[in-house]
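Secondary and tertiary structure notes
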Amino acid sequence: MAISTQHPKKALAAHMRRVYHPIGFSKGYNFVLWCIFAGTFFGFALARLKYLDFWGVFCNPDRQAATGALPGECYYFTKPGRYQIGIILHLATILPASLLACVQFVPVVRRKAIFVHRVNGYVVNFLAVVGTSGALMIARHSAGGGVDVQTLVGLLAILWLGAMALSMINIWRLQIEQHRAWMIRAWAYGAIIITMRIGLFVGALVVSSIGGYYMAQPCDKINFALKGEDTTMAFYPQCAPFFSGENPDQQAVIKANIYGDNSMEAGAALNLAFGPAAWLALVLHAIGAELYLRLTPAEHERLRNVSYYRQLRAGMKNPGSAGLTADRLGDAHKWAPKVMAKKISYDGESVKGERPTSPSL
C-alpha cells in the first residue's frame, strides 16, 4: 500500500479547496467567514419562520411556551390597526429577505448565475424596505418603546437603507468594489439582531442579579399579560384607577427581574436590557464591517480594476471612478488602473487587461 508523504496541513488545505472552490471561493478564510456569518444568519432566520404563523405562534394567547414577542407586546400587536399591520409586514418580509440575502454572498451565484443574483438582489432590497417600514411602525411599543429603542430603530433604518441605496447607485454605475463594500455594511447593520440577542439575555441576567431596577408599564398591557384583573391587582394594586375607569392611562412600577414572580417582571428586565444591547451590537457590527473591508484591500483593488474595464467598455466618463468614489467626491489621489497581465473576471465575464495611459498629475 502506498504511503502518502503529503504534509497533513497541506492535505487538509487540499481537501478544503475541494469544498469551497466549487461554490466560488478562492481563499479559505473567506469560506470560513461565510460559513460563520452567513450560516448563522441563515439559521437564525430559518428558525424564526414559524413566526409567520402570527396567531398560532408569535402572538398565541393560549401558548404555554414563550412566544416570539416579549411579555405584553402582543397587547398592541393583536389589536387591529397600525401596530398589527406593522408587525405582520415586518415578519412577512424581513425573514424571507434574510434567507435570500445569504444567497447573494455565494460567489458562484454572482459568477455563473448573474441573472439570479440581480433579480434576487432587487427582491431582497424591496423586502428590506417594506420590512424596515414595518419596524418603524411598531417602534413605539417594541421592547418597552423607550426613547432609546425608538432612536435605535430610526438610526438603524437610516443606516441600513442608506447603505443599500448607496450600494445600488454604485452597481448601476458599474462601480463594483463600492457595491460590495456598501452591501457588506448594510447586512452587517441588519445582522445586529443576532448579536443583540446575546447582549439582551446577558443584560437581563445582570440587571436581575444586581437588583434595584424598575420600569413603569401601562396597566392595560399588564392586565393583558397577566390575563385578568384579579391577578393584576394582586401584583400591582396601583392599577386600581385603571380598572375603576378613573385613569385609563394608569401605569404601575414593575421590578425588573428575569426570575420574577410574573411575566411582566421578566419582560421589564428584557426591555431595560434591549436598548443597551442593541446599541452595543450596532457599534460592534459597524467596526467589524469596516475592519473586514480594511483587511481585504487586494479584493477591493481587483474589483476596482474590473469596474474600470467595464465602465470603459460602457463608454462612461471617468472609468474606474464613475461611481461614488473618494477620488471623485473627496480629496483622495486620482485612482489609476494597474497593468493587468492576465484576464480578470466578475459575474461570469472576462476582460483582458490592457496597459492604461498614466493620468497627468
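In this text the structure is predicted, and so the values were computed from the model without any measurement.

A tally of helices and strands in the protein chain yields 16 helices and 4 strands. Burial status across the protein chain gives 44% buried among its 361 residues. If you take every contact in the protein chain between residues at least 6 apart in sequence, the share linking residues at least 24 apart comes to 65%. Put simply, the protein chain shows about 19,300 Å² of open surface, and 64% of that area lies on carbon and sulfur atoms.

Another aspect to go through is the state of the cysteines. Under the defined criterion, the tally for this structure stands at 2 disulfides. Across the disulfide from C59 sits C74; the S-S distance is 1.8 Å. Across the S-S bond of C59 and C74 the torsion is about -85°, and the bridge reads as left-handed. Note that C59 is positioned in the loop between helix 3 (54-58) and helix 4 (74-77) and C74 in helix 4, a separation of 15 residues in sequence. Take C59: its relative accessible area is 3%, and that puts it in the buried class. Between the sulfur atoms of C219 and its disulfide mate C239 the distance is 2.1 Å. Every disulfide takes its handedness from the sign of the S-S torsion; for C219 and C239 that torsion is -85°, giving left-handed. Taken as a pair, C219 in helix 11 (residues 219-226) and C239 in the loop between helix 12 (229-235) and helix 13 (240-244) lie far apart in primary sequence, 20 residues in all. C219 sits in the buried class, given a relative accessible area of 0%.

Take the packing of aromatic side chains next. Two aromatic rings, taken as a pair, are described by how far apart their centres are and by the angle between their planes. By the definition in use, this model includes 14 aromatic pairs. Ring geometry for F54 and W55: centres 5.0 Å apart, planes at 90°, overall edge-to-face. Taken together, the ring pairs in this structure connect Y51, F54, W55, F58 and F77 into an aromatic cluster. Positioned above the aromatic ring of F44, the side-chain terminus of R48 is 3.8 Å from the ring centre.

What follows covers the confidence of the model for the protein chain. Low pLDDT means the predicted atomic positions in that stretch should not be read closely. For the protein chain, mean pLDDT is 86; residues scoring 70 or higher make up 88% of the total. Confidence over residues 346-350 falls short of pLDDT 50; this stretch has 18 contacts with residues more than four positions distant or in other chains. Counted against residues more than four places away or in other chains, residues 352-361, with its pLDDT under 50, gives 15 contacts.

With 32 residues, helix 14 (residues 263-294) should cover 46 Å at 1.5 Å per step; its first-to-last C-alpha distance of 45 Å lies within 8% of that length. Residue F274 marks the point of greatest curvature in helix 14, where the axis turns by about 35°; the proline P276 follows within four residues. The N-capping residue of helix 14, defined by a side-chain oxygen 3.0 Å from the backbone nitrogen of M264, is N262.

Scanning the entire structure with this criterion turns up 5 salt bridges. R304 is the salt-bridge partner of D327, the closest N and O atoms lying 3.0 Å from each other. One end of the pair, D327, is in helix 16 (residues 326-329); the other, R304, is in helix 15 (residues 297-313), with 23 residues separating them in the sequence. Each of the two residues, D327 as well as R304, counts as buried. In the salt-bridge network here, residues are joined through shared partners; they are E177, R304 and D327.

Where nonpolar side chains cluster on the molecular surface, the patch consists of I198, V202, V206, I210 and Y213 and spans about 480 Å² of accessible area. Note on placement: I198 falls in helix 10 (residues 192-210). Judged by its relative accessible area of 57%, I198 is exposed.

Basis of the calculations
Residues numbered from 1 in each chain as written. Predicted model: local features only at pLDDT ≥ 70, side-chain atom pairs only at ≥ 80, totals over all residues. Heavy atoms only, no water. Helix = DSSP H or I, 4+ residues; strand = E, 2+ residues; numbered from the N terminus. Buried < 20%, exposed > 50% of the residue type's maximum accessible area, 1.4 Å probe, protein only. Contact = heavy atoms within 4.5 Å. Areas by Shrake-Rupley, 256 points an atom, 1.4 Å probe, with all protein chains shown as cover. Disulfide = S-S within 2.5 Å. Phe/Tyr/Trp six-rings, centres within 6.5 Å; stacked < 30°, edge-to-face > 60°. Lys NZ or Arg CZ within 6 Å of the ring centre and 35° of its normal. pLDDT = per-residue confidence, 0-100. Expected span 1.5 Å × (residues − 1). Bend = angle between axes of the 7 residues up to and from the residue. Polar contact = N/O pair within 3.5 Å; in protein donor to acceptor, adjacent residues only side chain to side chain. Salt bridge = Lys/Arg side-chain N within 4 Å of Asp/Glu carboxyl O. Patch = residues over 30% accessible without salt bridge, like charges linked within 9 Å, V, L, I, M, F, W, Y side chains within 5 Å.

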